[in-house]
Amino acid sequence: MENRKPRILVVDDEPQLTRVLLRSLTTKGYDVRIAGDGDFALQTFQDWPAELVITDLAMPNMSGLELCRRLRAISQVPIIVLSVRGEEKTKVEALDAGADDYVTKPFGMNELLARIRAALRRKPASEADSRILVAGDFRIDLESHTATQGDHELRLTPKEFELLAHLMRNAGKVLTHHSLLGAVWGGDYTEQTEYLRVFIGQLRKKIEPDPSKPRFILTEPWIGYRFNAE
Amino acid sequence: MIAQWIKPRWLSYGLAILGVVAITAILIPFRQRINSTTVGFAFLLVILFIAMAWGRKPALVASVLAMLSFNFFFLPPFHTFTIADPQNWVALTAFFITAIAVGQLSARAKRRAEEAEASRIEIKRLYEDLQNAFERASEAEALKRSERLKSALLDAVTHDIRTPLTSIKASATLLLEDREATEPVEKLAPDEQTAMLRVITHGADRLDRFVEGIVDLARIEAGDLTLYRNWGVVEDIIDAALAQAEPLTRRHRIRVSVENELPVIRVDARAVAEVIYTLIDNASKYSPPDTLVSIEAKRVSDDQVEIAVEDQGPGIPVRLREKVFERLYRGHNNGAAGELIGGIGMGLAIAKGIVEAHGGHIWIEDGAQGRGARIVFTVPVGDDDLNGNVPDVVGGDKARADG
Amino acid sequence: MKPTLLNRPWIGYAAALAGIALVTGTLKLFGEHINPTTVALAFLLIILFVATAWGSRPAIVASIVGIVFFNFFFLPPFRTFAIRDPHNWIAFVAFMITAITVGQLSGRVKRRAEEAEAAKAEVERLYYELQDSFERSSQAKALKQSERLKSALLDAVTHDLRTPLTSIKASATTLLDDLYSAERNNVEPRLELEDRKEMLRVIDEESDRLDRFVEGLTRLARIDAGEMHLHLHRTQIDEIITMALKRAEPRTQTHPMEVWIEDELPSIKVDEQAIAEVIYTLVDNAAKYSPAGSPIRIRARPGDNHFLLLSVEDHGPGLRPEVRDRVFEKFFRAMRDGDAGDRRTSGTGMGLAIARGIVEAHHGRIWIEDADEGRGAKFVVSLPISSDEDGKRQAA
């Protein structure tokens with residue numbers, strides 16, 4: 001059981017914002033360091049391995065996207081990107097480059113805090129190969145090919161099953177259309193977002209109490225989907 | 001033969017004369033065996049060549065020389081200039097006519113060829129000039145368009161930002177002073193502080209939505225929306241709008257009904273999602289909790305899809321159904337409409353702008369059974385490009401003119 | 001343009017026959033002792049004419065007919081195809097050669113002339129086509145370019161508006177959150193007093209920043225609409241420079257300022273605040289784009305023709321001639337960076353546009369030159385010195 005405070009590295013070129021984040025996150029019990037640009041962030045990360053990196057996307061010199069790539073090359077640390085609304089393309093690129101989640105500016109602190117908690121809770125990748133997946137009330141047994149929600153068994157088609165399994169493995173993480181399609185249907189289908197929507201719709205009908213207001217499979221508009229287990 | 005074009009003139013005359021002399025020299029030894037006719041032909045041929053190579057004037061010179069030579073060396077009595085013989089005249093005439101006619105022809109051909117070459121070089125230069133001119137023109141055009149955008153942007157921004165900003169500033173300074181205050185009596189109670197902070201937060205939210213709005217407005221006014229059209233699936237767009245509107249619809253029931261086999265639509269997907277978002281926002285704001293907000297989509301003709309958002313609130317009175325779409329700048333249009341329209345601000349105006357930029361219409365109807373409001377809009381099914389603008393294709397003559 | 005009669009080949013062939021026949025008939029009238037040379041030359045003229053009028057094929061016909069008639073009618077024995085005199089043989093062959101050569105060559109010349117004409121017409125047609133396609137592509141290009149410019153512009157403006165908002169919201173929600181949780185759990189708020197003050201300060205400062213940005217935009221809008229309201233007073237430039245430098249104080253700490261004001265400068269009639277702002281903008285600009293420690297030189301001196309020249313010079317990298325005009329465009333910085341595909345400097349760039357608006361509203365000019373020594377840029381402002389008759393020059 002770790003009683004060290006979780007380390008968060010915040011990367012943003014806006015000093016006003018980082019002032020606020022430093023104080024706010026520290027008060028919440030995190031160990032926070034600030035980096036004003038990508039280079040300094042990487043330097044800091046070398047000697048001070050953070051458990052979470054929060055980075056702005058639009059920075060001069062090294063962009064957030066570039067930082068994501070470089071970080072991913074050396075670590076699986078969860079990454080949350082901060083971006084302005086409307087920059088969907090960059091967000092998708094960042095997510096595909098390895099970021100786990102995004103928060104749109106301007107954001108309320110509670111929103112950011114919730115994403116931070118979710119990101120820190122995420123299980124490390126090494127557990128991804130296990131035969132049993134659990135997320136919230138959901139349980140999947142990959143060997144017997146069964147899926148349950150609470151105590152009630154889910155009747156899923158093969159593709160729905162795979163989709164749910166992949167979502168659960170990446171619970172809390174934002175998955176782009178591209179990566180979802182690639183993971184479940186393979187490389188030739190990565191542009192068929194309609195296809196994906198149809199399957200998501202079917203899955204929602206089976207697991208959501210109110211499919212028109214999904215709780216578990218959340219739409220990230222223009223970007224993809226996210227599985228929320230709680 | 002064409003290569004001779006570039007030789008200097010005196011050289012051509014020289015060579016012409018040389019030609020005649022050469023022929024003379026060659027034929028003199030044979031003059032006993034061949035008759036003068038043959039010599040005449042030979043001279044004629046030489047003159048012909050000279051005319052073709054160097055034109056009329058050297059050929060004329062050669063003609064005269066040829067005639068003299070013909071007379072002197074080849075017409076008996078040899079080595080005399082007997083002019084009397086009419087053959088001379090015939091010969092001379094023939095030489096002259098040949099010289100002139102062929103000289104003319106070849107001069108003309110030569111000139112035409114030179115002109116064509118000059119034209120070609122000219123064209124090449126003009127081509128480059130043209131390229132540059134159009135570079136500059138397109139830059140100028142681009143700048144002109146962006147000028148329009150800038151103006152539209154400025155216009156929008158200067159108005160409505162200040163109000164929320166003022167509140168933010170006032171609250172913040174009040175709270176700061178409060179922090180500095182030492183007398184407990186003067187300090188703000190926690191709930192007062194909370195209230196101020198909420199003012200700040202809401203103010204920031206309003207500003208944020210405002211920024212979103214002005215960008216859209218600016219783009220609409222600059223005639224920009226037509227550039228981003230692409231195939232969009234109605235369900236995806238509705239899905240995105242709903243996801244964005246999630247916080248607003250927590251206390252309402254939502255129903256989505258999309259007709260089967262709806263065609264893809266040719267729209268700026270984000271913009272249309274924004275329209276739907278605005279309508280959902282509107283619907284949830286003006287209808288009581290736990291009521292239904294429904295979103296429908298169906299095809300109404302070969303080239304149009306209709307999307308509607310309906311609520312179960314008080315509805316919108318008929319006399320206001322046009323006005324709600326007007327952009328409210330300085331808060332003029334108040335009175336009875338004020339309380340209803342107050343919160344809408346620019347949303348519906350933008351929605352209208354977006355819909356119309358796609359060539360569609362937006363209007364308000366009564367909800368089911370006469371209750372509530374139902375806002376409907378149409379968007380084009382695109383097979384043909386209804387408004388003539390195809391992104392990424394050089395089809396400039398079909399491009400939509402500004403605005 | 002040639003008459004169509006000449007363009008019909010069958011007329012050429014007919015003319016060939018007719019010509020030769022006619023000459024034959026005419027010359028026969030002169031009796032049987034007409035010199036063959038004369039005949040031959042006459043025939044050759046016909047062949048030449050046919051060749052130049054109708055080209056080489058009718059000319060060949062003329063040649064052949066000519067050769068035949070020459071032998072038959074004019075070479076003894078007459079009316080036969082035989083040739084008795086060996087001189088005449090040679091003559092005959094020579095005539096053949098000549099006839100065919102003349103015909104061919106002239107025909108070829110004609111053809112070449114025609115080809116050159118056609119080539120010229122072709123080239124002209126190509127030119128018009130090029131013009132056309134350029135027009136079309138430049139329209140598309142303009143669209144694309146303006147699309148890029150717009151994205152960059154919008155991105156920059158929204159960024160500048162949203163950045164302060166982000167800090168404001170983050171601060172406010174932190175404070176709110178703190179208060180709520182304290183309330184819920186019936187404890188004291190966890191945030192330190194100092195932290196809370198800091199958050200509020202951020203809100204305060206960022207609202208100011210937002211305000212300044214909006215102010216800038218408003219000014220620009222007014223300049224755009226030609227609605228600047230200037231309050232003109234007669235004043236000395238050194239007072240205005242002092243005002244501007246005071247406002248630019250933070251910059252004076254990182255860059256030494258050299259101020260050179262010539263003696264006995266005439267007074268100018270200007271809106272002091274506005275001109276001070278221009279100077280401030282230029283100084284701020286100079287400081288931003290030159291290394292810390294490098295001096296910034298401000299000079300005021302008389303120019304020619306009743307103008308006062310004011311310059312602000314830095315030792316930064318300078319400005320390329322191509323951009324010197326464009327930096328004064330509003331949002332230029334945003335668009336230029338949009339071009340490069342990323343944002344190198346933050347901010348949208350209104351200062352210089354506003355500065356130019358102000359200067360031009362005073363009937364002055366602003367431009368950029370190379371620094372006097374070494375690297376750097378020199379921004380120069382010229383302001384008219386009012387004529388003695390006060391009130392003659394009214395700024396808008």
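Everything below is about the structure shown above.
Residues numbered from 1 in each chain as written. Chains lettered and ligands numbered in written order. Predicted model: local features only at pLDDT ≥ 70, side-chain atom pairs only at ≥ 80, totals over all residues. Heavy atoms only, no water.

J.: I'm lost on the overall build of chain C in this one. Help?
T.: Along chain C, the regular secondary structure elements total ten helices and seven strands. Out of the 396 residues in chain C, the part that is buried amounts to 52%. Put simply, 72% of the contacts in chain C that link residues at least 6 apart link residues at least 24 apart. As presented, chain C carries roughly 19100 Å² of accessible surface, and 53% of it is formed by carbon and sulfur atoms. (Helix = DSSP H or I, 4+ residues; strand = E, 2+ residues; numbered from the N terminus. Buried < 20%, exposed > 50% of the residue type's maximum accessible area, 1.4 Å probe, protein only. Contact = heavy atoms within 4.5 Å. Areas by Shrake-Rupley, 256 points an atom, 1.4 Å probe, with all protein chains shown as cover.)

J.: How should I be thinking about the overall build of chain A in this particular structure?
T.: When helices and strands are counted, chain A shows eight helices and twelve strands. Looking at chain A residue by residue over its 230 residues, the buried ones come to 53%. Taking the intrachain contacts of chain A between residues at least 6 apart in sequence as the baseline, contacts between residues at least 24 apart amount to 57%. By element, 48% of the accessible surface of chain A is carried by carbon and sulfur atoms, the whole surface being about 10400 Å².

J.: I tried to follow the sheet that holds strand 2 (residues 257–261) of chain C on my own but got confused; where do I start?
T.: Each strand in a sheet pairs with its neighbour through backbone hydrogen bonds, running either in the same direction (parallel) or in the opposite one (antiparallel). All names here are of chain C. Taken together, five strands build an open sheet; the order of strands is 2-4-5-7-6 and the sheet is mixed. If you trace the sheet from one side to the other, it starts and ends with strand 2 and strand 6 (365–370), each paired once. Between one strand axis and the next, the sheet turns through 15 degrees on average, direction left out of account. Strand contacts of helix 6 (residues 237–247): strand 2, strand 4 (296–302) and strand 5 (307–313), with the helix running at about 170 degrees to strand 2, the strand carrying the most contacts. Along the sheet face, helix 8 (residues 272–288) touches strand 2, strand 4, strand 5, strand 6 and strand 7 (377–384) and points at about 170 degrees away from the line of strand 7. (Pairing = 2+ DSSP bridges. Axes fitted to C-alpha atoms, helices over the stretch in contact; angles between N-to-C directions.)

J.: What am I meant to see in the interface of chain C and chain A here?
T.: Each partner contributes to the interface: chain C provides 24 residues, whereas chain A provides 23 residues. Each partner contributes to the roughly 2200 Å² buried at the junction of chain C and chain A, and carbon and sulfur atoms together form 53% of this total. On the surface where chain C and chain A come into contact, there are five salt bridges. Here E198(C) ties to R19(A) by a salt bridge, and the two come within 2.6 Å at their closest N and O atoms. Counting across the interface, chain C meets chain A through nine residue pairs in polar contact (both at pLDDT 80 or more). (Buried area = accessible area lost by both parts, 1.4 Å probe. Salt bridge = Lys/Arg side-chain N within 4 Å of Asp/Glu carboxyl O. Polar contact = N/O pair within 3.5 Å; in protein donor to acceptor, adjacent residues only side chain to side chain.)

J.: How should I be thinking about the environment of I11(C) in this particular structure?
T.: Its place among the elements puts I11(C) in helix 1 (residues 9–28). Remark: the alpha-carbon pair of I11(C) and P58(C), spanning 47 residues in sequence, is separated by 8.8 Å.

J.: How should I be thinking about unusual backbone geometry in this particular structure?
T.: Working note: non-glycine residues mostly have negative phi, and peptide bonds are mostly trans. Geometrically, the link from K105(A) to P106(A) is a cis peptide bond, its omega value of -10 degrees lying close to zero. Mapped onto the secondary structure, P106(A) falls in the loop between strand 5 (101–105) and helix 5 (109–121). One non-glycine residue, Q369(B), lies in positive phi territory at about 55 degrees. Relative to the helices and strands, Q369(B) is located in the loop between strand 6 (362–366) and strand 7 (373–380). With a phi close to 55 degrees, E264(C) is a non-glycine residue in the positive phi region. Along the chain, the position of E264(C) falls in the loop between strand 2 and strand 3 (268–270).

J.: Explain a nonpolar patch on the surface here, please?
T.: Residues I60(C), I64(C), V68(C) and F81(C) make up a contiguous nonpolar surface patch of about 350 Å² in total accessible area. Structurally, the position occupied by I60(C) is in helix 3 (residues 56–74). (Patch = residues over 30% accessible without salt bridge, like charges linked within 9 Å, V, L, I, M, F, W, Y side chains within 5 Å.)

J.: Explain helix 10 (residues 347–357) of chain B to me, please; I cannot follow it from the model alone.
T.: Since the α-helix advances by 3.6 residues per turn, residues separated by three or four positions end up pointing in the same direction. Residues and elements named next belong to chain B. Taking burial as the measure, the eleven residues of helix 10 include nine buried ones, the bulk of the element. Three or more residues of helix 10 are buried, namely G347, L348, A349, I350, A351, G353, I354, V355 and A357. Downstream of helix 10 by one or two residues, G359 has phi in the positive range, about 85 degrees.

J.: Looking at this structure, how should I read the packing of aromatic side chains?
T.: Aromatic ring pairs are defined here through the distance separating the ring centres and the angle between the ring planes. Residue and element names in this part refer to chain A. Enumeration according to the criterion identifies ten aromatic pairs over all chains in this entry. Ring plane angle 65 degrees and centroid distance 4.9 Å describe the contact between W185 and F199, whose orientation is recorded as edge-to-face. Within this pair, whereas W185 is found in helix 7 (residues 177–185), its partner F199 is found in helix 8 (residues 193–207), the two being separated by 14 residues in sequence. F199 shares its class with W185; the two are buried. (Phe/Tyr/Trp six-rings, centres within 6.5 Å; stacked < 30°, edge-to-face > 60°.)

J.: Can you walk me through the packing of helix 1 (residues 15–27) of chain A against helix 5 of chain A in this structure?
T.: The geometry of a pair of packed helices is captured by two quantities: the angle between their axes and the separation between those axes. Residues and elements named next belong to chain A. Relative orientation of the contacting elements helix 1 and helix 5 amounts to 60 degrees, with a least axis distance of 12 Å. With respect to helix 5, the element helix 1 is oriented oblique. By crossing handedness, the relation of helix 1 to helix 5 is classed as right-handed. In contact with L21, S24 and L25 of helix 1, helix 5 contributes M109, L112, L113 and I116. A class-by-class count of the residues in the contact of helix 1 with helix 5 yields six nonpolar, one polar and no charged. (Parallel < 35°, antiparallel > 145°, perpendicular 65-115°, else oblique. Left-handed = near helix turned anticlockwise from the far one by under 90°. Nonpolar A, V, L, I, M, F, W, Y, C, P; charged D, E, K, R; others polar.)

J.: How should the pairing of strand 2 (residues 31–35) of chain A be read in this particular structure?
T.: A regular strand places its side chains so that they alternate between the two faces of the sheet. Residues and elements named next belong to chain A. Where strand 1 (residues 7–11) lies against strand 2, five bridges are found, and the strand directions are parallel. Bridged to I8 within strand 2 is V32. With respect to chirality, the unit in which strand 1 leads through helix 1 into the neighbouring parallel strand 2 is right-handed. (Right-handed = clockwise from strand over helix to strand, strands pointing away.)

J.: Hey, could you run me through the nonpolar core in this one?
T.: In globular proteins that are soluble, nonpolar side chains generally tend to be buried together. One finds L25(A) and I54(A) to be the most contacted residues of the largest nonpolar core, which totals 90 residues. At ten residues, helix 8 of chain C tops the list of elements feeding residues into this core. Residues in contact with L25(A), not counting those within four places in the same chain, are V10(A), Y30(A), V32(A), I54(A), M109(A), L113(A) and I116(A). Core analysis: the second largest hydrophobic core is formed by 58 residues, A16(B), I50(B), A66(B) and F70(B) among them. (Core = buried A, V, L, I, M, F, W, Y, C linked by side-chain atoms within 4.5 Å.)

J.: What am I meant to see in the sheet that holds strand 1 of chain A here?
T.: All names here are of chain A. Here we have five strands laid out as an open sheet, ordered 2-1-3-4-5, and parallel in their pairing. A strand with exactly one partner marks an edge of an open sheet, and here the two such strands are strand 2 and strand 5. Across the sheet, the mean angle separating the axes of adjacent strands is 20 degrees when strand polarity is ignored.

J.: What's the story with helix 3 (residues 56–74) of chain B in this structure? I'm lost.
T.: With 19 residues, helix 3 of chain B should cover 27 Å at 1.5 Å per step; its first-to-last C-alpha distance of 25 Å lies within 8% of that length. Buried within helix 3 of chain B we find P58(B), A59(B), A62(B), S63(B), A66(B), M67(B), S69(B), F70(B), N71(B) and F74(B). (Expected span 1.5 Å × (residues − 1).)

J.: Hey, could you run me through the pairing of strand 4 (residues 79–84) of chain A in this one?
T.: Residues and elements named next belong to chain A. Within strand 4, six of the six residues are buried, which leaves it mostly tucked inside the rest of the structure. Taking every second residue as pointing to the same face, both faces of strand 4 are buried, with I79, V81 and S83 on one and I80, L82 and V84 on the other. Here strand 3 (residues 52–56) runs beside strand 4; their pairing, made up of four bridges, is parallel. Note that in strand 4 the partner of D56 across the bridge is L82. Crossover handedness for the path strand 3 to helix 3 (residues 64–74) to strand 4: right-handed.

J.: In this structure, what is going on with the side chain of D56(A)? I would like to understand it.
T.: Residues and elements named next belong to chain A. Along the chain, D56 turns up in strand 3. Note on D56: relative accessible area 4%, which makes it buried. A polar contact of 3.3 Å, which involves the side chain of D56, links it to the side chain of K105. Setting aside anything within four residues of it in sequence, one finds D56 in contact with V11, D12, D13, G64, L82 and K105.

J.: How do you make sense of the packing of helix 2 (residues 36–54) of chain C against helix 3 of chain C when you look at a structure like this?
T.: All names here are of chain C. Two elements in contact, helix 2 and helix 3, have axes separated by 8 Å at closest approach and are oriented at 165 degrees. In terms of orientation, helix 2 and helix 3 fall into the roughly antiparallel class. For the pair helix 2 and helix 3, the crossing hand works out as right-handed. Facing P36, V39, A40, F43, I47, V50, A51 and W54 of helix 2, the residues of helix 3 in contact are S56, P58, A59, A62, S63, G66, F69, F70 and F74. Each residue belonging to the contact of helix 2 with helix 3 can be placed in one class, and the counts come to 14 nonpolar, three polar and no charged.

J.: Even after reading the chapter, I still don't get the pattern of salt bridges, so can you show me in this structure?
T.: It is possible for side chains of opposite charge to pair when their charged atoms get near one another. All chains considered together, the criterion is met by 35 salt bridges over all chains. Note that E310(B) is salt-bridged to R374(B), the shortest N-O span being 2.9 Å. Of this pair, E310(B) sits in strand 5 (residues 304–310) while R374(B) is found in strand 7, placing the two residues 64 residues apart along the sequence. The residues E310(B) and R374(B) share a single accessibility class, namely buried. Several salt bridges converge on common partners, so that one network encompasses R19(A), E194(C), E198(C), R201(C) and E205(C).

J.: Just checking my understanding: could you explain the environment of I28(B) for this structure?
T.: Residues and elements named next belong to chain B. By the element assignment, I28 lies in the loop between helix 1 (9–27) and helix 2 (36–54). In this structure the C-alpha to C-alpha distance between I28 and F74, which are 46 residues apart in sequence, comes to 7.5 Å. Setting aside its immediate chain neighbours within four residues, I28 contacts F73 and F74.

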